[in-house]
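# Residue-level structure breakdown
Spelled out from the first residue to the last, the chains are:
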Amino acid sequence: MKNNIIIPFLSILYLLHSVPALGILYPSSLYALLVVVLFLILTYKVGVKNIVSIMPIFIIPILNIVIIGNMSVVTIAERISGILQSLILPLLYIYIRIYNRLKLGNQLFVIYVVMTLITCITTYIGYDVFPDASRELASLDNDSSVYRTYMKLNIGGFSFIYTLVLLNILVICSIKNYKLFKKGISVAMFNILFLIIIGLVIYKSQYTTAILIYSISLLFLLAGRRFNFKYITTLICIGIIIFLVYRTPIAEKMELLSEKVESYDVSERLYDLSRFLVGEYTSDYSDLDARGHTYMTSLNTFLNNPFGVWNNRGNGGHSFVFDNMARFGILGVALVIIMLYKLYRLYISPIHNSNIYGYACVLLTIYILLAVVNPHIFTNVLMFVLPLYYLNDINKYSI
């Protein structure tokens, strides 16, 4: 009986910490205690076998702690805490599944959606008042006064924006499959509004990659309610052919769009991208050039050291996939493949007979793309939100 109360209570406290304005109120020592206690309880409840089943997904972060030397005790403790935090939500879903706590799963899913929606609204307002907040949050020290001010105003940063990019696919899935839910029309209207709000927040963030992925993902509003991975690969092949044939007109439209966009950062990146598409380069060292340089730095390190350098030398620092290829060489490639395979086998393959499957494959595809172009990965969307969404769907709960 105690577990029926303790785990939900601690889980809600843990989820609420992800809301910036609430998370900043948690004393660091109290939050660390919450993480450790919740992890130990869930570990005891789900058993070693279930923990071992998901560990291949976390081998790379663990290896990064082991191989990177000259870290202080505090830094090592922070890295370990980060891994424990990454494990909690996946373990929580496993607990919900094996103990058939479907009602708890639905409640946590609703809390997560409400938290995300509220943070979307406050983040949009925050970006409107502080246009550079998104980039400052990505670079400021957590103890700086500006950072804490943004947190108190409940403004989401880099991780929040790219989490929205992934969640956007599930929102589109809900719109396409609204008839599966109770009060289907209400659910459809809510998700259409949610989709618009997500788009506005992503646009205000000035993250060009996020804006482009969000814009392209809207095309799945035209897809069927149900499709498979073959459908996605076909679309990708058609998209590549269209890009190769119509590259110049696409570049011209992108250049025209760069003149219309209000954000200087987005305008500059769209212009650079339009020049890149037609094989031209800007006179200045652009952000696109800098990004490409970081990727090539890691790739060259990998090619020159196929067994890895096992440190951060020669690491571009801007791609989860390329950076770990540089660190660990061929082993890094294998670990990335194993991670993606386990994500597919554990969280997507089991739902292959549902209407969600095709959208889950799109979600994984975008996840892979983000792992290539960004240094961070957002695994909790695949390991917690997606499976809870599926439970919410098969039990016909209404949100």
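Every chain begins its residue count from 1, and numbering advances along the sequence as written. Only residues with pLDDT of at least 70 are given local features in this predicted model, and only at 80 or more are side-chain atom pairs given and counted; all residues enter the totals for whole chains, interfaces and linings. Side-chain descriptors were evaluated using all non-hydrogen atoms of the structure, hydrogens and water having been removed beforehand.

## Observations concerning the packing of aromatic side chains
In this scheme Phe, Tyr and Trp rings, the latter by its six-membered ring, pair at centre separations within 6.5 Å, and the angle between planes marks the pair as stacked below 30 degrees, edge-to-face above 60, and tilted otherwise. Within this structure, the stated rule accounts for 17 aromatic pairs. Between Y295 and F322, the ring centres sit 5.8 Å apart and the planes meet at 70°, which makes this aromatic pair edge-to-face. Remark: F322 occurs in helix α16 (residues 320–328) and Y295 occurs in helix α15 (residues 287–304); sequence separation between them is 27 residues. Y295 gets classed as buried once you look at its relative accessible area, which sits at 15%. Counting every residue linked through ring pairs, the aromatic cluster contains F158, Y162, Y207 and F378. Helix numbering and strand numbering both begin at the N terminus, where a helix is a DSSP run of H or I of at least 4 residues and a strand a DSSP run of E of at least 2. Partly exposed describes any residue whose relative accessible area lies between the buried limit of under 20% and the exposed limit of over 50%, with all areas from a 1.4 Å probe on protein chains only and scaled to the type maximum.

## Description of the environment of V19
Mapped onto the elements of the fold, V19 is located in the loop between α1 (2–16) and α2 (20–23). Of the residues examined, V19 reaches a relative accessible area of 9% and is grouped as buried. Between the C-alpha atoms of V19 and T365, which are 346 residues apart in sequence, the distance is 27 Å.

## Remarks on the environment of R345
If you trace the backbone, R345 turns up in helix α17 (residues 330–348). Under the relative-accessibility criterion, R345 is labelled partly exposed at 43%. Sequence spacing of R345 and A326 is 19 residues, and the spatial spacing of their C-alpha atoms is 26 Å.

## Focus: a nonpolar patch on the surface
Nonpolar side chains collect at one region of the surface, where I121, Y124, I125, V129, F130, L153, I185, M189, I192, I196 and L200 lie side by side and expose about 980 Å² of accessible area between them. Elements with a minimum of two residues in the nonpolar patch: α6 (102–129) and α10 (184–205). At 5 residues, α10 tops the list of elements feeding residues into the nonpolar patch. As for its placement among the helices and strands, L153 is situated in the loop between α8 (145–152) and α9 (158–176). What goes into a patch is any residue over 30% in relative accessible area without a salt bridge, connected to like charges within 9 Å or, for nonpolar side chains (Val, Leu, Ile, Met, Phe, Trp, Tyr), within 5 Å. Note on areas: Shrake-Rupley, 1.4 Å probe, and residue coverage restricted to the protein chains presented here. A pair is scored as a salt bridge if a Lys or Arg side-chain nitrogen falls within 4 Å of a carboxyl oxygen belonging to Asp or Glu.

## Points about the pattern of salt bridges
A pair can form between side chains of opposite charge whenever their charged atoms are brought close. This model, assessed by the stated rule, comprises 1 salt bridge. Of the charged contacts, one joins D128 and K204 as a salt bridge, the two residues approaching to 2.9 Å between their closest N and O atoms. Here D128 is found in helix α6, whereas its partner K204 is found in helix α10, with 76 residues between them in sequence. Residue D128 is classed as partly exposed on the basis of its relative accessible area of 46%.

## Structural notes on α9
The span one expects for a helix is its residue count, reduced by one, times 1.5 Å. The first and last C-alpha atoms of α9 sit 28 Å apart over 19 residues, in line with the 27 Å expected at 1.5 Å per residue. A residue's bend is given by the angle between axes fitted to the 7 residues ending at it and the 7 residues starting at it. At L166, α9 shows its maximal kink, close to 30°. Counting buried positions over the 19 residues of α9 gives 17, a clear majority of the element.

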